Each structure stands twice: as structure tokens, then as C-alpha cells.
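# Coordinate inspection notes
Below, each chain spelled out in residue letters.
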Protein chains: 2
Amino acid sequence: MPCKRKSSKSTSKKAPKYVYFFGGGKAEGNAGMRMLLGGKGANLAEMTNIGIPVPPGFTISTEVCAYYYKHGKKYPPTLKAEIEKNLAKLEKVMGKKFGDPNNPLLVSVRSGAPISMPGMMDTILNLGLNDETVEGLARRTNNPRFAYDAYRRFIQMFGNVVLGIEHSKFEHILEEVKKERGVTLDTELDVDALKEVVRRYKELIKQEKGFELPQDPRKQLEMAINAVFESWNNPRAITYRKLNEIPDDLGTAVNVQAMVFGNLGDNSGTGVAFTRDPSTGEKRFFGEFLINAQGEDVVAGIRTPEPIAELKKHMPKVYKQLEQVYKKLEKHYRDMQDIEFTVEDGKLYLLQTRTGKRTAKAAVKIAVDMVKEKLISKEEAILRVSPKQLDQLLHPMIAPNQELKKIAKGLPASPGAAVGQVVFHAEDAVNWANEGKKVVLVRQETSPEDVAGMAAAEGILTARGGMTSHAAVVGRGMGKCCVVGCGDITVYEDEKRFVTKDGIEVKEGDWISLDGNTGDVYLGQAKLIEPEIAGEFKTLMKWADELRVLGVRTNADTPHDAGVARSFGAEGIGLCRTEHMFFAEDRIPVVREMIIARDDKEALKKALDKLLPMQKGDFKEIFRVMKGLPVTIRLLDPPLHEFLPHTDEEMKALSEQIGVPFEKIKQAVIELHEFNPMLGHRGCRLGITYPEIYEMQAKAIFEAAAELIKEEKIKVEPEVMIPLVGHVKELELMKEVVVNAAKEVMDRYGVKIKYKVGTMIEVPRAAITADEIAREAEFFSFGTNDLTQMGCGFSRDDAGKFLPEYIEKGIYEKDPFVSLDQAGIGKMMEIAVEGGRSTRPDLKLGICGEHGGDPDTIEFCHKIGLNYVSCSPFRVPIARLAAAQAAVKEKMAKKASMARVKKTSRRRK
Amino acid sequence: MPCKRKSSKSTSKKAPKYVYFFGGGKAEGNAGMRMLLGGKGANLAEMTNIGIPVPPGFTISTEVCAYYYKHGKKYPPTLKAEIEKNLAKLEKVMGKKFGDPNNPLLVSVRSGAPISMPGMMDTILNLGLNDETVEGLARRTNNPRFAYDAYRRFIQMFGNVVLGIEHSKFEHILEEVKKERGVTLDTELDVDALKEVVRRYKELIKQEKGFELPQDPRKQLEMAINAVFESWNNPRAITYRKLNEIPDDLGTAVNVQAMVFGNLGDNSGTGVAFTRDPSTGEKRFFGEFLINAQGEDVVAGIRTPEPIAELKKHMPKVYKQLEQVYKKLEKHYRDMQDIEFTVEDGKLYLLQTRTGKRTAKAAVKIAVDMVKEKLISKEEAILRVSPKQLDQLLHPMIAPNQELKKIAKGLPASPGAAVGQVVFHAEDAVNWANEGKKVVLVRQETSPEDVAGMAAAEGILTARGGMTSHAAVVGRGMGKCCVVGCGDITVYEDEKRFVTKDGIEVKEGDWISLDGNTGDVYLGQAKLIEPEIAGEFKTLMKWADELRVLGVRTNADTPHDAGVARSFGAEGIGLCRTEHMFFAEDRIPVVREMIIARDDKEALKKALDKLLPMQKGDFKEIFRVMKGLPVTIRLLDPPLHEFLPHTDEEMKALSEQIGVPFEKIKQAVIELHEFNPMLGHRGCRLGITYPEIYEMQAKAIFEAAAELIKEEKIKVEPEVMIPLVGHVKELELMKEVVVNAAKEVMDRYGVKIKYKVGTMIEVPRAAITADEIAREAEFFSFGTNDLTQMGCGFSRDDAGKFLPEYIEKGIYEKDPFVSLDQAGIGKMMEIAVEGGRSTRPDLKLGICGEHGGDPDTIEFCHKIGLNYVSCSPFRVPIARLAAAQAAVKEKMAKKASMARVKKTSRRRK
């Protein structure tokens, strides 16, 4: 079917139609005529057609815009008459006359292009007011103050938008008058003052333009329409079109719509409402209204609105109509609507309808209910809930409506809320928690040695570090509320106190509360709401699992985390870091012994022999929890110096504990120092230098598996992951160590273990040479944290100094440590996926960086064909939903493109 | 023409020919029959054909090997008779008989595949000896000791290679006998002892194999031939073929060749010689000989050989023949030859000829001379000189033949030699040098603050750091002898002394000498040879410039370096680091002032206003030196903390110097600390945060250019380079700063400046998104140091802990900081080249990393289509030669592939 635009041109006999009326229950346009009427115009026509009482008006089509620019800024000769005809129709429908001094019809004039486009002229309200009609309006509304306020607003908008006088000049006058009258708020100006403002506004116009403000409403309208078309080619609009590749000849339409007023007496009013409860999702009409008031009165909060149900008593007929309208709207738009209405003289008008904002809980309930009501499909339900919002359902929250003293704000690194007494050292956190106290651990920043303290605390607050600092990553991993990078506070750990920028001092033992969703820090004990997983949530997750293609695993280092993740639906472990186990109190001395012995093969073996049964025990527990599901275990990754003590005192203590001379310990600390630990002797480089360590870890894994298979008949599927591989030969050598360990253990136990050996892809070189690496790797897991650090060349510990500015300046749209930098790091991943699968078509691909829990990244992972994503336990439901959304979006895109193909081929016939 | 192999099969009537004779002036094979006769066999035939007197013999073709494996390890029925026939011919040519107890013919048996292939059986010498013939040999040579030594060697080789008895068992017997006789060297064993060794060897064989050592020479030969064919399929050979993709059915040939002896009396002798002087390249026959001796006697050094010219007196006829032979060989092989010859009973035999090793000086002279002699083309001459060797010609060297006390060995980081008194601090180096003393600066490691001291020193020695550590990079840049990572010494900087691992203490003021070509450290003052650039060197460089396509620029930060580079043929500056200028004594306080003021716009501007004229002065000087040539200037790159003092004392001194409170300086030092400076707040990230700094630098550049153009009419072509760009938007923002500065300056001076703005490609993300970055960049310069660090994920300061092991284990073939990792980082460069040129076809591409002076990398850069390479001034001639070689190789490869195409198309007709 040829498009409307062409058709109107091809009607040969009649004069071309340029103006489309809407109102009185029907419209000349409809939703399909977006190109001709613009988005706004088409939507107003559509609402009118389905019987929604919107204030009537007419749309001047985009063709006029095209004509205007094609003909040297002249209008079609028939346009003026057509506008007159439509204006007459509007007067008739409204029962008011344009320029009538007693009951004036006022209109708004708005632009409206086929594609929403900032930069163009927006809105002129109250057009039709002049020195005479303003008095009529004052009488009609019985509110001279309202009338003059409307007039001065009109003059200001008209003067600025149509006449091009700087906005600040009007504001300046307003400020002057306020000063003269000794008031501070606009609303405090009385009618006299407003009249004075109007007088000075008009003076300003004369001064600036050399002519008076047009008093003739028709002249006002003509000038306003002209201003809209002119604004199509203002520099901001041109730039916007260039940036967004919008054709310059698309043109804009102009919407002229009647103004309606809710303050014309007790038969008038105004209100806002939601078609369902936006807080709980319950299916009930929800909102409030005011009799004899304008919309802004509801917002201003001078009068207290009444609940919407009360409207039934005041205006039973209107209420009934409103009920029909809201149901119709919800059905038409197939989603919960947020509506604004005005009743003018007993007549209901819908001023606005839009999809209503809602809590996560409501979002889930509404989506599931609407499927049950057969209003939407399961696929649509999946798309209705924002995965990011789901987080709210998985953590305690600060209860609303309580008085709290906010003392600082940091980065919301891990959601939830925490209330506790402040401690400044990890040990204290452990000790106090053991005494049954609730504590919040406050540190300058955290290090791996603080992990036990972090686990014991209700929440963590750090003064330094970004969204992927140690505290943030570990906090999220633990599902523990965490606020980081709180530059508002200065922490004196030794003195056990911190001071806010406002000088408030908080000492050990004082109570504070953290909001992990906002980053707010409060003094005292806030009340919390515990998370509640409603039945609808479960249903939605079930649908998500049916629809998604991507697997969802978890990053978990402990049986506890593994258990939580499994209860949240994780289908395996995508990243089990073995070094976290090394920090346990009973292990760390042995680990240190091993490190100090590293170049003495015999002593090294002795230390490793002590570690093996410990690691085996850990793995057994985790395998038991995850039984039947794959578990990816990453061999030792961090540089050895991370495990060593820092101060001389700690070294002396260690010397006594493990019986190694202090000097030897000190020497190891000095020798292992690195300038850039991120790019140092870590990951598989340790395995290359000390294959004994990897051998021990591999044996611990396979012995654990063998014992469970043999003794407990549990299915175990270990996937051994070699970290930081940059060159296929590294993997080749390390794989040999693992395969030999597996053989040895399987022979010794007489058991067959199904296992895989693969690698992290986290070094750019690995991504680029993935085709070679896949010769050895049975799986890849994208370590996008490090891939981002090395690929973009900034360490997450240091990037805090410039990254916020980078995001502010739009260099990166989002923090690349939170949401994957798809254009750069994502491109590397694509190269790796393509390369890896070209060598090994059945290569298993996953992601285990922090990004694995970010919905946008998950969609990207779906697109490039990964097999699974892996994320913190508390992000598993979010990932399941995001994965389902990605699959649904793809399906829909395919359907749409198929439809296009069909349409094209049909047209060709 | 069908290949020889097929042809021999297709001769239908006659029995197939399997054995090819060479000797008596002609051979049945030739150099073209490599597939059939193997490399060695074909070459022996070729030499025989051109009249070179090689010991005669015959080759059993590769077809026999194929037959052997095809027919279940059986030989062709006619083979035995054919071998007999050839053996008879050999006996006739040699005038000796196989197994003759009086004058036995002895032979060597060697494998020889068409492609040289380690892993196969190598050589059996002296075959034909047995208990009887050994006595005959003793009589004939009048040297029973020689005869029995030959016999025991034969048994050992035969026992090991043919009979498969472990080598160590023979060695064990030899050691036993030596012990019993109370001697330590093999040569000290007398004939009795050797007879005892032979007895025990034979006993061992009987014990191990159950049979006696075959006494029948024919049986020995048969078994040796069989062993060669068997070795074709030993595991080492199979693995080698698999790794190098050599077909398994290629097969090996067997060469049976007469043994000749130079110790049969005064009419015999042996010698080694070069066809030209390998040390100077002079065209004269050069070598030495011994009368009545075997080759090993020359090597053993028991008797002093005579100069080759003396041979004329002893054996005028032989000498004349030798002259003809060496000339023929040089002409045939078209290169200087290193030959071994033996005279047996007045008869000359060439045992070996190979391309002779030579010094750089000789290589250059020989190559240029041979072009003049019309022996080779200019292209061939270019390929004859190793670019790496050229280094020798550009620096002073330790004079040979002097007694030196070597006390330690480090990494040869920058070539040349240095002699000086030891100092331990940069300041001392400057002060002592000012007093006219020659010093060697010894440090644990160097930092940017040591640069002035390094410049003042003759050479630099550090205990830590690798081939691309600060000391190494700066040393090479300065063309200054530098030995780094010398773990043999412990440096006590505060105590002004170092101690070697052997306990030798060296104090301030002691003299040491460094050899930058070997890494050797000597106590005392070594004599040096100053570099000498002979006329031929200039000629060769001229030819290189005619042939190369790649431009060659230099990395230079000072007018002095720029001048040196220009005199060495640099065609511009590829990298001028602006921060090196910042470390000058008069600048650093101002730079520090700027850093401390960084967040106070006014104070920052004040400091920058002081720096601008200084930078402008620097640029003017450099532009003047490089006049007419492009100069690429990189804006500030290192993190700011690198410029700050480290100790409290230094901070206090600075506080007094610049009048800023100590606390403020200390705070800046703390705030600017970074965990991974490599991945920190540096490069264009500084420009984004403090655009004022880049603006100042840009203005300094353009003002310098404008003043030179205006006042001195000098052509200036600045190329402003933005470092560490990872995202196109960074470049977009920084380019704006530069372009605005350029406009402002050009307007102010009323001068037009031709300039470019481009970027380093050193962040992996930049390489991957080069298509986007090229929208803004007018040139790319690959910063392969950082690209390697980030791409491979190891910092060069830390990689010293594992990289040596990586290279040892073959993970990387070469140090990726020295020679580009082509498979990984090179692939990134290729992606960037392709991406960049897809957006901007005329994009100028260069490399300015350390790799720019590495010949292999230069060849790679030529292949991927860069426009130029840039390297340290002292590497410029090396780069010119390497670039020419790359162009010549490409031309030759193209010619060869064209020839293949022609051949194929002709065959198709």
C-alpha cells in the first residue's frame, strides 16, 4: 500500500489536504499516519478515534513544512482557509470562540515530527489571550490571579519562542517585581503584581522588537505556526538530525489544541491516576484529584488532594466515564497507564496518558497478571520488567517515610541496606559479630585480608575505590550492601573514626545505616524492609527460563555462595576462585610458607602437601552443593605478594608462626614487589614458573571429584580453567600439568572423571589469537574485568581519577567496568568467538567478569553467541531475566524482518 | 619437465637406477636432483661436476627409502649389486681396497634428506676398520695411536648409532681407562690405552648384543646403510616432520664417501682457509695449514699451524690447485667461502665448503666489492649484511687481545664499550664529568631523574631491569653503552660501592670497563677501538636507500640526538618526547609547581606560562636541526607522579624552592600515587583532565614553528601526536585543543603552518577500533612498547621475573620487547592498519616503539604497509638496511611466484 503522504498528493481534482482535525469523538488521522502528522499528531488522532476525550484540535501536516522550505518559505495558498475552517470546527466543538472577550477559546501550539526530536520549538500555551480575553478568563474562572498568571506565561513563551527574545530578560523582570514586592516564590505574587509583570513584558517586547505584542489571536496563531516550521531548521535541530541520521526533508507537523481548565468552579477539577497500583501492582484504580483546580495545584501541594475513589461522590458521571476511559487506555496500550485528566465544566478531558512508572514488585505482578488476563504474551511480560530493577526484590531496603540524617553519599556498589555499629578493622568486625553485634565495616579501602571482616559485617563503606574496586566486587559477590568511593568522608583507621565533609565525626561503635541502592550514608539506625519474593516473581522466572537460550551460572568461591546461587537458579559455577580459599585463617600461614619456599623445590613440596587436603575439602563441599552441575575452577591467579604480610610487625609474627627467619620473609616481600601488579607475575605465569602449585590444585580438584563419585555416587563435572593465558603455548604447558594430574588421580582411584580444560580470555593477545588458543582450550570464559583493564589500558584501581570525567564528557557512555564497552572490548570478544569457533566449532563460551550480571552486556553475550553468562549469586535472577529478554528481542527482530521481506515480495508481485 | 624421480621410474627396460656415483671429476647427479639424492648428495655431485676435488663416493637415492617402507622393510633386489659396482668404482678412483689389510679404503656413511632434518642418524666415520685393517692404517700413517683412535671412534659410533647401545656406556669405559692411566684428556691416552679401550668396547658390544662387532667391512656398510633408513622413522624425526609439515614419504638418501687422511707423511697435510679476509673483508686468500696432520690437530692447538701462503713453498702444485679451487668455489657460490681441505699423499681433497662467517666490517666490504666485481647484484649485496651486525660499526669496541679481568656479566642493553671511574649517583656523574673525569654510572636501576647523569657518563651499569628497562631504553636512545640486569653485582648506592658475587668490591672512583655488545663487566681500564665508517659502508647505505620503500625516522628528544640521527640518514623525527625536556634542572621545579597547582586553574596557568617559552625554545632548536623534515611531537605522556620527589627531604627542599607548603606537596604525592602506573592517569587522560597542559604544549609547538617560518624562512612540518588514545572521542577532544591552538597562533603570527594531528596506537582498544579513530587521526604511530605491555598483559618492569623462562621454554621465541610478537601484537597492528586505511586511505602509518630498530620487526612493518619506522639515532643505519632487505625480499618473492605462475600456465598448455 502506498503511504498516505503520496496518496494525498495524488488526489488530483480536490485541493490538497493539509490540516487534519481531531475531536468530538473522531479524527481525520490515525496512529498509522505518523509520517504525515508526526508522532504527537498521529497519537492524538488515535486517542480521539478510540473514544478517549482529549481536548480537540487539528494538526497541520509535515507536507506544509516541506512545501515551506521548497518554496522559499511560502505556504500553500489554500492553507489559510483550511486553518480557518478547522478553527471554526474547534470553536464549535468547544463551545467557545477564539478571541471571545467573555469566554475565549485558548489553544496550545506544539511541534511534532515523525521522529521525536529535541532542539525544535516545544510548546506555546494559552495562545489566544490578550488584554481583553484575559479579563474574560478571569471572570469565567473567578480567579483573576490565575488568568493573569496564564497571560504572563503566554507572553513569556511567545516572546521567547516566536519573537526570539532571550528567556533571561523575562526572568529578570519577574525577579525584579518579586524583589519589589518582597516575595521569593512566583506563587506569592498577587494579581496586581502579575498585572505589573504583564505590563513590563509587553514593554520589553516593544523595546526589543519595535512592535507591540500582537493582540489579534489569529495573528498570534499565524506567527506561532510559522515559528514551529522555522524551528525545524534551527542549528540545534540540524545538529541533532545529523548526529542521528534523520533526513532533513522529513519535516515537522504543528499541533493546535484547545486549552482546558479545571478551575472553572466546583463542576471542574483535575487529577492524576494510575490504572493499577504502581507500588504493589494490585489491579485497582489508584490516584488522587482536586476539585476546582489546575494540574499544577496538585503538584504544588498547597491543597491536599483526595483519593480518586472520592471522585465518585463528587461527580458520579465523570467518574464512571473516567473508569471506562482508563480501562480502554490500558487495553489499548496494553500496559499500566499513568494518566492526567481535567474536568472542565463537568466535561472530562484526558491531558496525558503514558506508561506508568512502578516498583519492581509492581512490575512483576502487573506483567504476570496481564498474561493471565490474556492482555499480553509471556514474551511481552518478560520485556516488561527491568532486570536492573529486580535487584530491589533481592535485598533488604531502607523503609520509606522515616526521618533520616544523611551525612554522606558514595557509589552504590552493591545493593541492599545495612544498619550497624561502625568498626574500622576487619578483625574488629569479626570479633564484634561474634559477640552478636551488628557492624558496618568502614575502611579507606579493602584488601583481600579484609574478606573475613567483610563477611562478618552487615555492610561495607569505603572512602576510596570505584564500582569494581575490591570492596565492590567482593561485596556484590557476597550480596552484601556496599557503598564505596565515598569521597565525602575521611577515614582515620588508626584513630578509629571518620569525619564527613560537613565535619560530623563518627567513632567506633556509633550506629550508621547504608543504602546500597543509592549510595546514601545515614547517621543512626534506619528501619529496613526485608525482601519478599512474591508468587508472581517465581512465575516470571519460570517463563524467563523457558524463553532464554543463554545459560546462567554463578561466580561463587564458597559452598554458602554456591548454595545461594543455586537457590536463585544458577545452572553451574562459572568461576570458582581458588585463591579466596587461601585467605582463610588456617590456610594463610601455609600459603605464606609455600610462597617463601617457592624456589626450594623440597620445601615447596612440603607446603603444598599441607595445602592439598585443605583445597580438596573445599572442592568437595562445593561439588556436593552443585552436584550434577558443571563447576569451573580457576587455578591460582593473583601475584604471590598479595598473600604476604606488609608491615615488619606482621612479618615478625609470621616468622614466629612458621619458623622461618624474619630476613627471609622480608626478602621475599622485597623480591616479589611489583611496579604494575596487574601486569605482573600472576595467573598462569605462576603456573609456568611453579608448575607444582597448579599440579597440587589439579590433584585436589580431581581427588575431590574421584572421592565423591566413588563414595557418594555424586555426578561431578569439573572444568579446570587456566587464568591469564596470552599465548597458546602457555595453555599447552599448563594443560599438560592438569591432564597428567587427572590421569594420575583417575588411575589411583580407578574412577573415570568427565572434565574439561579451558582458559580465561582476559588478555587482549588471547582474544586476538583465539583461533590458536582454541587448539588447546575446550572452553573459553571471558574475563571481562581484566580484558577491559588491559584492552582499554586503565587499571580499575586507578581509573577512579579520570573515569568519572570520561563518562561525564561522554567518552564512554557508561562505566566500562559496569557495562561492557561493546564497541571496543566487545569487538575483541567477537574476534575471539569467531577465531575460537573457527578452530573448534563446539567450543563452550562463557563470561565470568563482573559484566556477566549486567543486562546490556547479557544481551550482547546472547547476540555474539556465548553459551552462558556467570555472575554473583544475587544477580542470577537478573541474568535469567536479561537472558530471556535478549532471546525475545531477537525473536521479535527476526519476525519483523521476515514480515518486511514478505511485504516486499508481495509488493513485487 | 617431469621431475627426475618420475623419470627414473618410467625408464621401462633397464633395471631402475638407485645409486649415483660422484668422483674422479664427474658425478651422475647434480644440484637439481635434491629430491632424489637429498641435499648433501646433490651438493657433493655438483661440486664434483664443477671440478672440485671432493673425496669420491656414491649416494643411495631416496627412492630406496620409499621402497624400503613400502615393501615391509625390504630393499630392491638389484640394490646390492649396484652398491658393489659403485664400491668397486670407488676403490678404483681411490686406489685403495675396502678391507685391504695393507691400504684399506675407509668410508663415512651419512644420511641426507631433501630437506635438512635433525633427528635422523648423522654420521659414521672410519667405516671399514677392523682388527686387521687398523694395523694396516697404523703402518700406512706411521701413527698407530691415530689408527687406534680412529678405530675406537668407529666402534663407538657404530655401536651407538647402528647397534643402539647407549652412548654413555662407551663414555663410561673411556673415563675408566683414563682414570686407570691417570690422565684427564682423551689426547693423553697412548696407543696401549686406546687398544684397551677398543678391547673393552668390543666386549661391551658382545655383552649388550650377544654378537661380536662385525669384522667384515661389507657387513658393516650394509648395517650402517640400514641404520640410516631406519632412522628416517625414529620418533624424533617423525616429530620434527610433523612440526615442520614435511611429508613422511619424502625419504632420505644415504651418502657413502671415502675417508681421506692428511697424516700419511710429509706429502700430506690439512688446513682451513677463507677466500677473503673474514676480519677486514680484504680480497686475499687467508688461512693456515699443518703438514702431516689431521683436521683435529689444527683445532687442538698442539702444533702451531703455518699461514696458508707458506703452503706454496711446501707443495707448490697443491697450492696452485687450491687457488684455482677456492676461486672456483667463491665464483660458484657467489660468496666468501670457509673451506676445509686435506692433502693425502700429494692429492688435494676439499672436505667442506661453506659460507664464511665475518665481521661487520668484512661483510660490508665483501658485499660492496662483489658488486664491483659483478659477482652479485646490489640487491644481493644488501641481503649479505646482517643489519644487527652493523651495530658493531657504530660504536667503540673493546680492543681484542688484551688481558682483562672480567668480574660480572649482565644484559647487553646498548652496544659499544665504556671505560670510566665508578659513580653511584646521577649528580656525581654530572659533577665528575664537569671536572673532566670519565665516569661509569652504576645504579640499582635508573629513573627519569637520572637522565642528566646518564648523559654525562661514558656508560651505565644497573643491577636490575631488562632489555627495555629505563636504563636500556634511554641508553640506546643516547647511543650510550649500557649493561643492565646485572644480577652478579649487589649495589649499595648509599655506601657508594658494589660487590660482585665473587666478593670483589668496587668503590666510587675505581675504574671499570663495560662491553655493551656482550654484557661483560671488567675491572680496570680496557683499551678501546673507535668506530670507523669505511667508504664501502657509505656505498652500501646509498644502495639501501635506493632500494627501500619504508621511510626511516628517529626517536629523538634533543637537538643533539636529532643531529646525530640526521647524520646517520634519518628522514625525520618519528617520536619527540616532550617530557624528557621537563626533567632538565631549570624546568623540573616549574613542572612540579604546575603539578601541585593542577586543580587550581589560576596557579596552573601561572606555571604553564613559565613553561611555554622553555618548551618553545626546545622545539625551535629541534625544528632548526631537522629543517625541511617532518617532526612528530608527542604531548605529555607519563603520569604526573613521575615528576614529583619521593622522599620527605626532597619534598622539603622543593617546598622551599617553589614556596609551596610541604603538606601540600606531600598531599599531591599521596593523591597521585597509583597502583598500576602503567594503566593509570597518563597520556591523553592528562590532556582530558588538564586540557591547559596540552594547550600550552601545542602553542609552544606552533609558536616555535611560526617564528622559524617567519624569521628564519625555515620549512617546519610539525606532526602533533596524542598519546594513549583508546577511544576516538579522546582524540576528538584533544584534537580540538590542538587545532584551536594552531588557529590562534597562526592568526596571531599571520603565518600558515602545515601540520598534522594524529595519535599513538598503543592501547589494544585503539588498534581494534582503528577504523573509528582514523576519522580523527591524520596519522598513526604504533607505540609497540605499550601495545606489547597491554596486549600481552605484562609490564616490562615486572616481566623480568618470568620472561626469561618464557623464552627458554619457547613460549615466545624472542623477547617480545625486543622483536615484535608478530603473531599477537603484530596481528593487532594489522587490524589497525586495515581499519585505519578503510576509513582514511591516505593515513600515514609509522612505528615508534623500541621495535622500530629491530630488523625482523622492520621487515614485518614493510609487509603490512607502514610508511616509516622510527628508532634510536644509532639504529638508523640498521633500519635503513633492514628496510632495504625487506623490499628486496618482497621483490624476490614476487619474482619467484611469477615464475611459478608462468611455469604452471606453460604446463597447462
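The notes below deal with the structure included here. Note that the structure is predicted; figures quoted are calculated from it, not measured.

### Observations regarding the overall build of chain A
Within chain A, the secondary structure is distributed over 36 helices and 34 strands. In terms of its C-alpha atoms, chain A occupies a principal-axis envelope of roughly 105 × 75 × 55 Å. Burial statistics for chain A: of 909 residues in total, 58% are counted as buried. Sequence separation of 24 or more characterises 68% of the internal contacts of chain A that already satisfy a separation of 6 or more. Entry remark: accessible area of chain A is about 38,400 Å², with carbon and sulfur atoms responsible for 51%.

### Digging into the sheet that holds strand E12 (residues 337–344) of chain B
Residue and element names in this part refer to chain B. In spatial order, the strands read E11-E10-E9-E12-E13; together these five strands make up an open sheet with antiparallel pairing. Two strands in the sheet have a free side with no partner beyond their single neighbour: strand E11 (306–307) and strand E13 (347–355). Sheet topology note: the strand E10 (residues 286–291)/E11 ladder contains two bridges and is antiparallel. Paired with Glu288 across the strands is Pro307, a residue of E11.

### Side note on helix H7 (residues 167–181) of chain B
Residue and element names in this part refer to chain B. Between its first and last C-alpha, H7 extends 22 Å over 15 residues, near the 21 Å set by a 1.5 Å rise per residue. Those residues of H7 that are buried lie in contact with helix H6 (144–162) and helix H8 (191–209). A positive phi of about 70° marks Gly182, the residue just after H7.

### Examining the packing of aromatic side chains
Taken as a whole and assessed by the stated rule, the structure comprises 41 aromatic pairs over all chains. Relative to Phe874(B), the ring of Phe568(B) has its centre 5.5 Å away and its plane inclined at 70°; by these criteria the two rings are edge-to-face. Here Phe874(B) lies in the loop between strand E34 (868–871) and helix H36 (876–908) and Phe568(B) lies in the loop between helix H21 (559–567) and strand E28 (573–577), a separation of 306 residues in the sequence. Judged by relative accessible area, which is 14%, Phe568(B) ranks as buried. Among the aromatic residues, those joined into a ring-pair cluster are Phe794(A), Phe802(A), Tyr806(A), Tyr812(A) and Phe817(A). Looking at Lys17(B), its charged tip hangs above the ring of Tyr20(B), at a distance of 4.8 Å from the centre. Above the ring of Phe662(B), the side-chain terminus of Lys652(B) is found at 5.6 Å from the ring centroid.

### Section: the pairing of strand E22 (residues 497–500) of chain B
Residue and element names in this part refer to chain B. For strand E21 (residues 489–492) and E22, the ladder comprises four bridges, and the chain directions are antiparallel. Considered in E22, the bridge of Val491 is made with Phe498. Here E21 hands over to E22 after four residues, with Lys496 in that stretch at a positive phi of 50°. Note that E22 and strand E23 (residues 505–507) share three bridges and pair antiparallel. Counted as the bridge partner of Val499 is Glu505 from E23. If you look at the hairpin formed by E22 and E23, you'll find four residues sitting between the two strands, and Gly503 has a positive phi there, around 85°.

### Structural notes on the state of the cysteines
Residue and element names in this part refer to chain A. One pass over the full model with this rule turns up zero disulfides over all chains. There is no disulfide at Cys482, and the cysteine sulfur nearest it, in Cys481, is 7.2 Å away. A relative accessible area of 0% places Cys482 in the buried class.

### Remarks on the pairing of strand E25 (residues 520–523) of chain B
Residue and element names in this part refer to chain B. Here strand E15 (residues 405–409) runs beside E25; their pairing, made up of four bridges, is antiparallel. Paired with Lys409 across the strands is Asp520, a residue of E25. Looking at chain direction, strand E24 (residues 511–515) and E25 are connected through four bridges and run antiparallel. Note that in E25 the partner of Leu514 across the bridge is Val521. Counted along the chain from E24 to the antiparallel partner E25, the turn is four residues long, and its residue Gly519 has a positive phi close to 90°.

### Structural notes on empty space enclosed by the protein
Residue and element names in this part refer to chain B. One pass over the structure, following the stated rule, counts seven cavities of 30 Å³ or more. By volume, the largest cavity amounts to about 60 Å³. Considering the residues around the largest cavity, the lining is formed by Asp391, His395, Ser414, Pro415, Arg476, Gly479, Ser872, Phe874 and Arg875. For the lining of the largest cavity, a count of residues per class yields two nonpolar, four polar and three charged.

### Focus: the environment of Lys501(A)
Within the secondary structure layout, Lys501(A) lies in the loop between strand E22 (497–500) and strand E23 (505–507). On a C-alpha basis, the gap between Lys501(A) and Thr490(A) in space is 7.7 Å, while along the polypeptide they are eleven residues apart.

### Some thoughts on the relation of the copies chain B and chain A
Mapping chain B onto chain A leaves a residual RMSD of 0.2 Å; the transformation is a rotation of 180° accompanied by 0.2 Å of translation along its axis. Such a combination of turn and shift is consistent with a two-fold rotation axis. Among all residues of chain B, the minimum C-alpha distance to the rotation axis is found for Asn676(B), at 2.1 Å. A shared interface surface links the copies, since 100% of the contact residues of chain B are contact residues in chain A too.

### What to know about the pattern of salt bridges
Residues and elements named next belong to chain A. What the rule picks out here adds up to 154 salt bridges over all chains. Residue Lys496 pairs with Asp428 through a salt bridge whose shortest N-O separation is 3.4 Å. Of the two residues, Lys496 sits in the loop between strand E21 (489–492) and E22 while Asp428 sits in helix H17 (residues 426–434), which places them 68 residues apart along the sequence. By relative accessible area, which is 29% here, Lys496 ends up partly exposed. According to the relative accessible area criterion, Asp428 is buried, its value standing at 14%.

### With respect to the environment of Thr62(B)
Mapped onto the fold, Thr62(B) is located in helix H3 (residues 62–70). Put simply, Thr62(B) and Arg34(B) are 28 residues apart on the chain and 9.5 Å apart in space, counted from C-alpha to C-alpha.

Basis of the calculations
Residues numbered from 1 in each chain as written. Chains lettered and ligands numbered in written order. Predicted model: local features only at pLDDT ≥ 70, side-chain atom pairs only at ≥ 80, totals over all residues. Heavy atoms only, no water. Helix = DSSP H or I, 4+ residues; strand = E, 2+ residues; numbered from the N terminus. Buried < 20%, exposed > 50% of the residue type's maximum accessible area, 1.4 Å probe, protein only. Contact = heavy atoms within 4.5 Å. Areas by Shrake-Rupley, 256 points an atom, 1.4 Å probe, with all protein chains shown as cover. Pairing = 2+ DSSP bridges. Expected span 1.5 Å × (residues − 1). Phe/Tyr/Trp six-rings, centres within 6.5 Å; stacked < 30°, edge-to-face > 60°. Lys NZ or Arg CZ within 6 Å of the ring centre and 35° of its normal. Disulfide = S-S within 2.5 Å. 1 Å grid on protein atoms, 1.4 Å probe; cavity = no way out; pocket = protein on both sides within 12 Å on 5 of 7 lines; lining within 4 Å. Points joined across faces, edges and corners; volume = space filled by probe spheres on them. Nonpolar A, V, L, I, M, F, W, Y, C, P; charged D, E, K, R; others polar. Least-squares fit on C-alpha atoms with pLDDT ≥ 70 in both. Salt bridge = Lys/Arg side-chain N within 4 Å of Asp/Glu carboxyl O.

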